[in-house]
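Observations on chain architecture
If you want the building blocks of each chain, they are given just below.
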Amino acid sequence: MSEYFPEIDAITYGGPASEDPLSFNYYDPDREIGSKTMEEHLRFSVAYWHTFTEDGSDPFGVGTMERPWDDIDDPMEKAHARVDAGFEFFEKLGVPYFCFHDRDIAPRGENLAESNENLDEIVDHVEEKMDETGVELLWGTSQLFMEPKYMHGAATSPNADVFAHAAGQVKKAMEVTERLGGENFVFWGGREGYKTLLNSDMGRELDNMGRFLQMAADYADDIGFEGQLLIEPKPREPTKHQYDFDAANVLAFLREYGLADRFALNLEANHATLAGHNFRHELQYGRINDALGSVDANQGDKLIGWDTDEFPTDVYMTTLAMYEILENGGLAPGGLNFDAKVRRESFEPVDLFYGHVSGMDAFARGLEVAHELREDGIFEEVIDERYSSYEEGIGAEIVSGEADFDSLAEYALNNDGFDLSSGRQEKLESILNRYILES
Ligand code: XUL
Ligand code: CO
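Residues numbered from 1 in each chain as written. Chains lettered and ligands numbered in written order. Predicted model: local features only at pLDDT ≥ 70, side-chain atom pairs only at ≥ 80, totals over all residues. Heavy atoms only, no water.

Considering the overall build of the protein
Helix and strand content of the protein: 16 helices and twelve strands. On C-alpha atoms alone, the protein measures out to a radius of gyration of 24 Å, which is about the 22 Å that the 2.2 N^0.38 rule sets for 439 residues. When the backbone C-alpha atoms are referred to their principal axes, the protein occupies close to 80 × 60 × 45 Å. Of all 439 residues assigned to the protein, the portion counted as buried reaches 52%. When the 35 basic and 90 acidic side-chain charges of the protein are each reduced to a single mean position, those positions are 4 Å apart. (Helix = DSSP H or I, 4+ residues; strand = E, 2+ residues; numbered from the N terminus. Rg over C-alpha atoms; globule rule 2.2 N^0.38 Å. Buried < 20%, exposed > 50% of the residue type's maximum accessible area, 1.4 Å probe, protein only. Lys, Arg positive; Asp, Glu negative; His and termini not counted. Charge placed at Lys NZ, Arg CZ, Asp CG, Glu CD.)

A word on the packing of helix H11 (residues 315–327) against helix H12 (residues 349–375)
H12 packs onto H11 with a crossing angle of 55° between their chain directions and a minimal axis gap of 7 Å. In terms of their interaxial angle, H11 and H12 are classed as oblique. In this structure, H11 crosses over H12, and the sense of that crossing is right-handed. Contacts between H11 and H12 involve Val315, Thr318, Thr319, Ala321, Met322, Tyr323, Leu326 and Glu327 from the first element and Ala362, Phe363, Arg365, Gly366, Leu367, Val369, Ala370, His371, Leu373 and Arg374 from the second. Residues that form the contact of H11 with H12 fall into these classes: eleven nonpolar, four polar and three charged. (Axes fitted to C-alpha atoms, helices over the stretch in contact; angles between N-to-C directions. Parallel < 35°, antiparallel > 145°, perpendicular 65-115°, else oblique. Left-handed = near helix turned anticlockwise from the far one by under 90°. Contact = heavy atoms within 4.5 Å. Nonpolar A, V, L, I, M, F, W, Y, C, P; charged D, E, K, R; others polar.)

Structural notes on the packing of aromatic side chains
The tally for this structure, following the rule as stated, stands at 23 aromatic pairs. For the ring pair phenylalanine 24 and tyrosine 27, a centre distance of 5.3 Å and an interplane angle of 85° mean the geometry is edge-to-face. The burial state of phenylalanine 24 is the same as that of tyrosine 27; both residues are buried. Ring centres 5.6 Å apart and planes at 40° place the aromatic pair tryptophan 49 and tryptophan 139 in the tilted group. In this pair, tryptophan 49 is assigned in helix H2 (residues 48–53) and tryptophan 139 in strand E5 (residues 136–141), connecting sequence segments 90 residues apart. Comparing tryptophan 49 with tryptophan 139 shows no difference in burial state: the two are buried. Three or more aromatic residues link up through ring pairs in this structure, and these residues are Phe5, Tyr48, Phe52, Trp69, Phe87, Phe89, Phe90, Phe98, Phe100 and Phe353. (Phe/Tyr/Trp six-rings, centres within 6.5 Å; stacked < 30°, edge-to-face > 60°.)

A few points about the sheet that holds strand E3 (residues 44–47)
The strand order E3-E4-E5-E6-E8-E10-E11-E12 describes a closed barrel built from eight strands, whose pairing is parallel. Pairs of neighbouring strands in the sheet enclose a mean axial angle of 30°, with direction left out of account. Relative to strand E4 (residues 97–101), E3 runs parallel, the two being bridged by three bridges. In the sheet register, valine 46 faces E4, and the bridge partner there is phenylalanine 98. (Pairing = 2+ DSSP bridges.)

A closer look at the site of ligand 1
As a structural note, the neighbourhood of ligand 1 is formed by Trp49, His101, Trp139, Trp188, Glu232, Lys234, Glu268, His271, Asp296, Asp307 and Asp339. Lysine 234 places a polar side-chain atom, nitrogen or oxygen, 2.9 Å from an oxygen atom of ligand 1. Within the side chain of histidine 271, an N or O atom sits 3.0 Å from an oxygen atom of ligand 1. Protein chains shield 93% of the accessible area of ligand 1, which is 290 Å² for the free molecule. Residues of the shell around ligand 1, tallied by class, amount to three nonpolar, two polar and six charged. (Near = heavy atom within 4 Å. Polar contact = N/O pair within 3.5 Å; in protein donor to acceptor, adjacent residues only side chain to side chain. Areas by Shrake-Rupley, 256 points an atom, 1.4 Å probe, with all protein chains shown as cover.)

Describing unusual backbone geometry
The amide bond that connects glutamate 237 to the next residue, proline 238, takes the cis arrangement and shows omega of 10°. Here proline 238 is to be found in the loop between strand E8 (228–232) and strand E9 (241–242). Of note, aspartate 290 is a non-glycine position whose phi angle comes to about 55°, a positive value.

So, the pairing of E3
Of the two faces of E3, both are covered, the one formed by Phe44 and Val46 as well as the one formed by Ser45 and Ala47. The sheet contact formed by E3 and strand E12 (residues 336–338) spans three bridges and is parallel. Its bridge partner lying in E12, phenylalanine 44 is registered against leucine 336.

As for the coordination of the cobalt ion (ligand 2)
Looking at the metal site, the cobalt ion (ligand 2) is ligated by Glu232 (OE), Glu268 (OE), Asp296 (OD) and Asp339 (OD), spaced 1.9 to 2.1 Å from it. Coordination at the cobalt ion (ligand 2) comes from six donor atoms whose angles at the metal span 80 to 171°, giving a geometry best classed as octahedral. Read N to C, the donor residues that coordinate the cobalt ion (ligand 2) are spaced as E-x35-E-x27-D-x42-D. Of this pair, glutamate 232 sits in strand E8 while aspartate 296 sits in strand E11 (residues 292–296), and the two are 64 residues apart along the sequence. A single burial state applies to glutamate 232 and to aspartate 296, both of which are buried. (Donors = N, O, S within 2.8 Å, 3.2 Å for Na, K, Ca; no water. Tetrahedral: all angles 85-135°; square planar, octahedral: opposite > 155°, others 65-115°.)

Some remarks on the pairing of E5
E5 sits mainly inside the fold: five of its six residues count as buried. Where E4 lies against E5, five bridges are found, and the strand directions are parallel. Each bridged residue has a counterpart across the sheet, and for phenylalanine 100 the counterpart in E5 is glycine 140. The sheet contact formed by E5 and strand E6 (residues 184–188) spans three bridges and is parallel. Following the sheet pairing, threonine 141 is matched in E6 by valine 186. Between E5 and its parallel partner E6, the chain crosses via helix H6 (residues 160–179), and the hand of that crossover is right-handed. (Right-handed = clockwise from strand over helix to strand, strands pointing away.)

Quick word on the nonpolar core
Leu42, Phe90, Phe98 and Leu336 are the most contacted members of the largest nonpolar core, which has 112 residues in total. With eleven residues, the single largest contributor to this core is H12. In terms of nonpolar packing, the next biggest core, distinct from the first, is built from nine residues, Tyr97, Leu138, Trp139 and Ala264 among them. (Core = buried A, V, L, I, M, F, W, Y, C linked by side-chain atoms within 4.5 Å.)

A few points about the environment of isoleucine 223
You can see isoleucine 223 is positioned in the loop between helix H7 (202–222) and E8. Accessibility expressed as a relative area gives 23% for isoleucine 223, which makes it partly exposed. Put simply, isoleucine 223 and glutamate 175 are 48 residues apart on the chain and 7.5 Å apart in space, counted from C-alpha to C-alpha. Those residues in contact with isoleucine 223 that sit more than four places away from it in its chain are Met174, Glu175 and Glu178.

This is how it looks when you write it as structure tokens:
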């Protein structure tokens, strides 16, 4: 069988001093951090779409990528070549997982039946490669946004035939995810949202989205899919008002439709910043609501107003993300999926390796620092102290429910001193920098 990336050897750990950019400076899969190895903490996954089907086109230009399967014309033959190339890539990089959309691993056919046939043929091949390499499926998902039929949305389309078609597509994608032992199944809203209320019935669309997700959860039960069901929030893109705007909005939706026990969140860094939050905010919001399920690891560019899906290299961000993930007790059965693509100017196959190595190292370093910060109780101590007035006296009465407005007013009328303390933000930021740079 041909090798698709012959110029690349397996990427190994070289240590912080290694100057080889095709080695890891920090990611040492078997190294124990606390009670787990780095590999177990980080659960890295490669996104099939960005790595094997992305062509580098943007609204201003055509594709730029040079890929080893470019010369193959037949779409099924090309899909098979991508599977072989994909598993060679996963093995050389040393990632335990990958993620896919139904339509990125196999080409769509003339109709749903033909698309399903294509998918079955490619999934047979994927299954063989999974058995051969031991690489596993973190999650599968359905691509419900690319084809013209989904122009008005899928579950929220005003056209019931489109709703039905989307259901048929998701049913099949769930079946193949189950067959491949996928640990999660993701719903990203795609075009679920609207451009104008002049032609949209928001209430009806939300009800339909609730119905669709209920049917999906029921079907997961029917086929015995034990993986986690995940919703991936994202604001503003591609529609103006996306229904799954951010973590808080998705949780409100799930509660309204009685779905909160069935779905957790797949939180993406670039989606967080597009929603006007930083990544840590979204992760913590998910965590405190017992809904932090998995992560799409990437970063955006604040000078560009769209989803640039860059590889996550910002160690400040990865440190705080790993802090939340450790606070969450880890991500399993979720993981860190690189929903990230190389720039269209980085068109050579080797750039796919550089991108992933830099992202894996940034998260591995973030894990090391976050672990140290927690071991030393740096923030915990400050936060506990900051809220200590709720541990005794009137604060304890507020928390226990003993206090009411009468008793609080009575207390306030007789209390004219406030023992306020400094927030010490600057001191904490300086300690955080010291840990990132020195620990
Ligand atoms: C879109 C996005 C998707 C989902 C899966 O912005 O992030 O790739 O992760 O559909
Ligand atoms: Co994503």
